[in-house]
Amino acid sequence: MKRILAAVCAVCLLLTAASDQARFAPQVLMYHLVEEEPFTDYTSLFVRPSDLDAQVALLTRNNYRFLFAEEYEKTSTPSVVLTFDDGYEDNYTELYPVLQKYGAKATVFLISDQIGKPGYLSREQIREMSASGLVSFQSHTKTHRDLTTLTEADVRTEFRYSKYVIESITGKPVKAISYPEGQYTDTLAKIAKEYFTRAYSTLPRRPLRGMSMYSISRKSVTRDCSLEQYWQMLQ
Ligand SMILES: [Zn+2]
């Protein structure tokens, strides 16, 4: 009897420890450009470098653990996934120095057809940032078309080709995707599962059973977001 009780208690302890260790769902934040002055009408997408610096400093001061998008899972302490969509060149000139300053990590979702085009990251910049261990490069598809309008064959090309191009530059596996414009369906999520282990959206949607890792929603950090609002977003 004693032995059985001891065994039961050991199981209880293990279960408690496991739930204790993984209490926090990561906060997932979405950015695009890091620029002092906006150069398109989508001004809300342009976060100032000084604001980004203050935000990462706040996370660091509060001991947030930085996870890459492909590492998303519950953690024992508060954690955050910083994501940057589209792969703009300022991710090298403005974001990367902030990450180096604080030793913070971020994920850039690349549109593989845009790599090396004016205003976008070059292969060399991607390689250097990837090798630093501070930036993970993942897929934002090949062309950034709305996946819900494509045939299944075209969707597969978007996934497979972008994965191949990015992996051939970084030499590291691409395991996560962010859906262009956040648009996806249950069918798309199922196809994404064949190529990736995590998929990100911007639209909170009820995931299909067992598909929560393919409908991870993100909170958008906009230009007018104060540090107080930023902090509230993390709560
Ligand atoms: Zn995008």
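Further up the page is the structure itself.
Structural notes, computed from the coordinates.

About the criteria used
Starting afresh in each chain, residues are numbered from 1 along the sequence in its written order. Only residues with pLDDT of 70 or above have their local features reported here, since the model is predicted, and side-chain atom pairs are shown and tallied only from 80 upward, although totals for entire chains, interfaces and linings are computed over all residues. With hydrogens and water stripped out, all remaining heavy atoms of the structure feed into the side-chain values. Per the convention used, a helix needs a DSSP run of H or I reaching at least four residues, while a strand needs a run of E reaching at least two, with both numbered from the N terminus. The length a helix should cover is 1.5 Å for every residue beyond the first. Only protein chains enter the accessibility calculation, which uses a 1.4 Å probe; a residue whose area is less than 20% of its type maximum is buried, one above 50% is exposed, and one in between is partly exposed. Residues count as neighbours in contact if any of their non-hydrogen atoms are within 4.5 Å of one another. Keep in mind that water is not among the atoms, so a site may look incomplete; donors are the N, O and S atoms within 2.8 Å of the metal, or 3.2 Å for Na, K and Ca. Distance and chemistry together define a polar contact, namely a pair of N or O atoms within 3.5 Å, with one atom able to donate a hydrogen and the other to accept it when in protein, and with adjacent residues in sequence counting only for side-chain atoms on both sides. Note on terminology: a nonpolar core comprises buried Ala, Val, Leu, Ile, Met, Phe, Trp, Tyr and Cys residues joined through side-chain atoms within 4.5 Å.

1. Digging into helix α5 (residues 152-170)
Since there are 3.6 residues in each turn of an α-helix, residues three or four apart along the chain are aligned in direction. The terminal C-alpha atoms of α5 lie 27 Å apart, and with 19 residues this matches the ideal 27 Å at 1.5 Å per residue to within 8%. Buried residues of α5: Val155, Arg156, Glu158, Phe159, Ser162, Lys163, Val165, Ile166, Ile169 and Thr170, and no others. Check the buried side of α5 and you find it contacts β6 (106-110), α4 (123-132), β7 (135-139), β8 (176-178) and α6 (186-195).

2. With respect to the coordination of the zinc ion
Here the zinc ion is held by the protein donor atoms Asp86 (OD), His140 (NE2) and His144 (NE2), which lie 2.1 to 2.2 Å from it. Linear spacing of the donor residues for the zinc ion on their chain is D-x53-H-x3-H. Of the two residues, Asp86 sits in strand β5 (residues 79-86) while His140 sits in the loop between β7 and α5, which places them 54 residues apart along the sequence. By relative accessible area, Asp86 is classed as buried at 8%.

3. Examining the side chain of Asp53
With respect to the secondary-structure elements, Asp53 resides in helix α2 (residues 49-61). The class of Asp53 is buried, set by a relative accessible area of 19%. Once residues within four sequence positions are removed from consideration, Asp53 is found in contact with Val98, Lys101 and Tyr102.

4. Quick look at the environment of Asp224
Along the chain, the position of Asp224 falls in the loop between β11 (219-220) and α7 (227-233). As a C-alpha pair, Asp224 and Arg48 span 176 residues in sequence and 9.6 Å in three-dimensional space. Here the side chain of Asp224 touches Thr222 through a polar contact of 2.7 Å, side chain to side chain.

5. Some thoughts on the nonpolar core
If you look at the biggest cluster of nonpolar residues, it comprises 53 residues, and the most contacted ones within it are Leu82 and Tyr230. Filtering out sequence-adjacent residues up to four positions away, Tyr230 remains in contact with Leu29, Tyr31, Gln55, Leu58, Leu59, Leu82, Val221 and Cys225. Listed in part, the nine residues of the second largest apolar core include Tyr72, Val81, Tyr200 and Ile216.

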